[in-house]
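# Inside the fold
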Amino acid sequence: RKTPLKHTTATELLATCKFRRSSYFDPCGSGNAFFRQVMRLLTHNMLMSNAKGVSEAEGYPLKLEATETRVEETEFDADFLKKTLETVKYDALVAAAHAVDRELPASLDGADEAALRAVHEALNDVHVVEGALVCPKTGRRFPINNGIPNMLLHEDELS
Amino acid sequence: ELLNLEPGARKLVLDVGCGSGLSGAALERAGHAWIGCDVSREMLTIASERAAREEDEDEDEDEDDDEDDAMDDGGGGAEDSSEDGASSSDGADGADGSDSDGSDSDSGAAPEDRPVASAELLEHDMGLGLPFRAGTFDGAVSVSALQWLCYDNATAQRSPRRLARFFSSLHACLRGGARAALQFYPENDAQARSIALAAARAGFSGGVVVDFPNSTRARKHYLCLSTERRRRGGVSTRHASVFARSLGETTP
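Notes on the structure follow. Within each chain, residue numbers correspond to sequence positions counted from 1 in written order. Labels are handed out in written order, letters beginning with A for the chains and numbers beginning with 1 for the ligands. Only residues with pLDDT of at least 70 get local features here, since the model is predicted, and only at 80 or more are side-chain atom pairs given and counted; chain-wide, interface and lining totals rely on the full set of residues. Each side-chain value is derived from all of the structure's non-hydrogen atoms; neither hydrogens nor water enter the calculation.

### What about the overall build of chain A?
- When helices and strands are counted, chain A shows 6 helices and 5 strands.
- Put simply, DSSP H or I for four residues or longer makes a helix, DSSP E for two residues or longer makes a strand, and each gets a number counted from the N terminus. The secondary structure elements of chain A, listed N-terminal to C-terminal, are α-β-α-α-β-α-α-α-β-β-β.
- Residue burial is assigned from relative accessible area. The probe radius is 1.4 Å, only protein chains are included, and a residue is buried under 20% of its type maximum, exposed over 50%, and partly exposed in between. Here chain A holds 159 residues, and the buried ones make up 46% of them.
- Pairs of residues are marked as contacts when any of their non-hydrogen atoms sit within 4.5 Å. Pairs at least 24 apart in sequence give 66% of the contacts found in chain A among residues at least 6 apart.

Laid out in structure tokens, this is it:
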């Protein structure tokens with residue numbers, strides 16, 4: 001990576017670095033994947049489709065489909081959550097939370113601690129392991145595998 | 001320091017070409033949340049393992065030696081030994097990890113003690129444009145990634161378009177006034193200039209700062225960008241000191 005070669009494309013160079021998937025998931029063969037950080041709803045709130053012909057208004061928010069999720073509880077901090085919520089598009093969060101079977105109030109009362117806790121859990125504790133993000137305009141699916149969304153555009157989607 | 005983030009505040013930072021998460025780990029230590037993009041899913045897998053392991057092992061100083069080995073070698077015979085190494089360390093960690101849902105007394109801290117997770121990862125090619133809505137990030141960093149925008153992709157995406165898409169989308173997804181500190185390895189001056197020019201065209205101001213310019217080994221280029229428009233505008237490759245003064249900050 002420090003000394004790029006001439007006359008070689010980036011893709012070819014990457015192909016020469018063979019990182020094989022070793023047994024990160026199942027080292028003991030016990031069937032228990034050890035828990036990894038995977039996509040949460042805060043990230044979903046930031047993502048849009050940037051394919052050709054799709055404006056930000058049309059490509060956001062992506063519809064979340066989750067076929068496999070995990071929950072890992074984290075510390076609740078009301079002030080920190082409120083700060084985070086300043087940059088969150090709340091409607092998109094409500095829709096995404098619904099997709100992972102969590103119902104949030106349509107409008108959030110900052111004094112309602114139970115509601116804040118529910119929002120905190122939806123934002124930070126639900127990890128989408130398998131699923132997809134779907135463009136609301138075109139229906140184009142960006143798959144989520146092993147908790148990592150694949151946002152790579154195809155050749156015909158490039159502007 | 002270059003990002004000029006408010007001390008003590010937790011910000012959201014983009015790590016472009018985050019690889020196996022080393023630079024992201026530094027962001028986490030500074031208390032920030034980050035989202036990383038990389039074109040290599042393999043590297044992202046390593047990064048997500050690293051993040052989980054660091055959460056589980058507070059006292060365990062046995063760091064990611066095996067992962068570092070896996071990252072450094074490019075293939076061939078060494079690959080097998082590093083893979084075994086990674087497996088054996090994962091073997092030890094797997095026991096902790098599989099209990100991470102709380103039953104293990106050693107690594108499974110009570111939910112109240114767990115920090116809010118900091119890292120998110122995306123598989124994406126920065127040359128396709130960044131898929132984030134406007135004003136998402138408080139800052140952006142990159143280590144050793146931008147030079148790849150100077151090469152044409154196998155799928156016939158030409159370098160100028162890749163540079164343009166990257167910088168215009170970066171500008172859009174940074175909050176107003178946010179900064180980017182992007183370290184890269186240009187093969188030559190022409191590459192450094194084309195990168196700086198593409199940044200300027202996207203509306204950034206700033207410059208390229210070169211650390212240790214006289215050393216071939218230690219020399220590092222940092223593209224320092226701001227979304228604030230300055231009087232001069234544009235991105236300078238030569239007047240690094242002017243850039244530092246115009247930002248009114250301490251010397252990078």
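That shown, we press on.
### Considerations on the pattern of salt bridges
- Definition used for salt bridges: Asp or Glu carboxyl oxygen within 4 Å of a side-chain nitrogen of Lys or Arg. Enumeration over the complete set of coordinates arrives at 13 salt bridges over all chains.
- Notably, a salt bridge pairs Arg 158 of chain B with Asp 152 of chain B, separated by 2.9 Å at the nearest N-O pair.
- Overall, Asp 152 of chain B belongs to the partly exposed group, its relative accessible area being 25%.
- Among the ionic contacts, a cluster of salt bridges with common partners joins Lys 63, Glu 65 and Arg 141 of chain A.

### Some words on the environment of Lys 63 of chain A
Residues and elements named next belong to chain A.
- Within the secondary structure layout, Lys 63 lies in strand 2 (residues 63-71).
- As for Lys 63 and Ala 96, which are separated by 33 residues in sequence, their C-alpha atoms are 7.1 Å apart.
- Once residues lying within four places of it in the same chain are set aside, the contact partners of Lys 63 are Ala 132, Leu 133 and Val 134.
- Polar contact criterion, stated in full: a pair of N or O atoms within 3.5 Å, where within protein one must be able to donate a hydrogen and the other to accept it, and residues adjacent in sequence count only if both atoms are side-chain atoms. Among the polar contacts listed, one links the side chain of Lys 63 to the side chain of Glu 65, at a separation of 3.5 Å.

### A few points about the nonpolar core
- By size, the foremost hydrophobic cluster in this structure holds 71 residues, and its most contacted members are Leu 14, Phe 132, Leu 146, Phe 167, Leu 170 and Leu 223 of chain B.
- Beyond its immediate sequence surroundings of up to four residues, Leu 14 of chain B is in contact with Ile 35, Cys 37, Leu 130, Phe 132, Phe 137, Gly 139, Ala 140, Val 141, Leu 170 and Cys 173 of chain B.
- As used here, the term nonpolar core means buried Ala, Val, Leu, Ile, Met, Phe, Trp, Tyr and Cys residues forming a set that is joined through side-chain atoms within 4.5 Å. Core analysis: the second largest hydrophobic core is formed by 12 residues, Ile 148 of chain A together with Trp 34, Ala 47 and Val 141 of chain B among them.

### What to know about the side chain of Thr 136 of chain B
- Residue placement: Thr 136 of chain B occurs in the loop between strand 3 (119-123) and strand 4 (137-143).
- Of the residues examined, Thr 136 of chain B reaches a relative accessible area of 1% and is grouped as buried.
- In this structure Thr 136 of chain B touches Met 46 of chain A together with Leu 12, Cys 173 and Arg 175 of chain B, once residues within four positions along its chain are discounted.

### A few points about helix 5 (residues 90-99) of chain A
All names here are of chain A.
- Along helix 5, the positions that sit buried rather than exposed are Tyr 90, Ala 92, Leu 93, Ala 96 and Ala 97. The buried residues of helix 5 occupy an angular sector of 150° when the element is viewed end-on, so they sit on one face.
- Its buried side turned inward, helix 5 meets helix 2 (41-44), strand 2 and helix 6 (113-125).
- Looking one or two places after helix 5, you find Asp 101, whose phi comes out positive at around 65°. Picture the helix axis, draw a direction to every C-beta atom, and the arc is the one those directions span.

### Observations regarding helix 4 (residues 78-85) of chain A
Residues and elements named next belong to chain A.
- Within the sequence span of helix 4, burial applies to Leu 81, Thr 84 and Leu 85. Buried residues in helix 4, looked at end-on, bunch into an arc of 100°, giving them a common side. Within helix 4, the exposed residues directed more than 90 degrees away from the buried face are Asp 79 and Lys 83.
- Structurally, helix 4 contributes buried residues whose contacts are with helix 2 and helix 6.
- N-cap assignment for helix 4: the residue whose side-chain oxygen lies 3.1 Å from the backbone N of Asp 79 is Asp 77.

### Section: the environment of Tyr 185 of chain B
Residue and element names in this part refer to chain B.
- With respect to the helices and strands, Tyr 185 occurs in the loop between strand 5 (174-184) and helix 6 (189-201).
- When its relative accessible area of 12% is taken as the criterion, Tyr 185 is described as buried.
- Distance in space between the C-alpha atoms of Tyr 185 and Ser 48 is 25 Å, their sequence separation being 137 residues.

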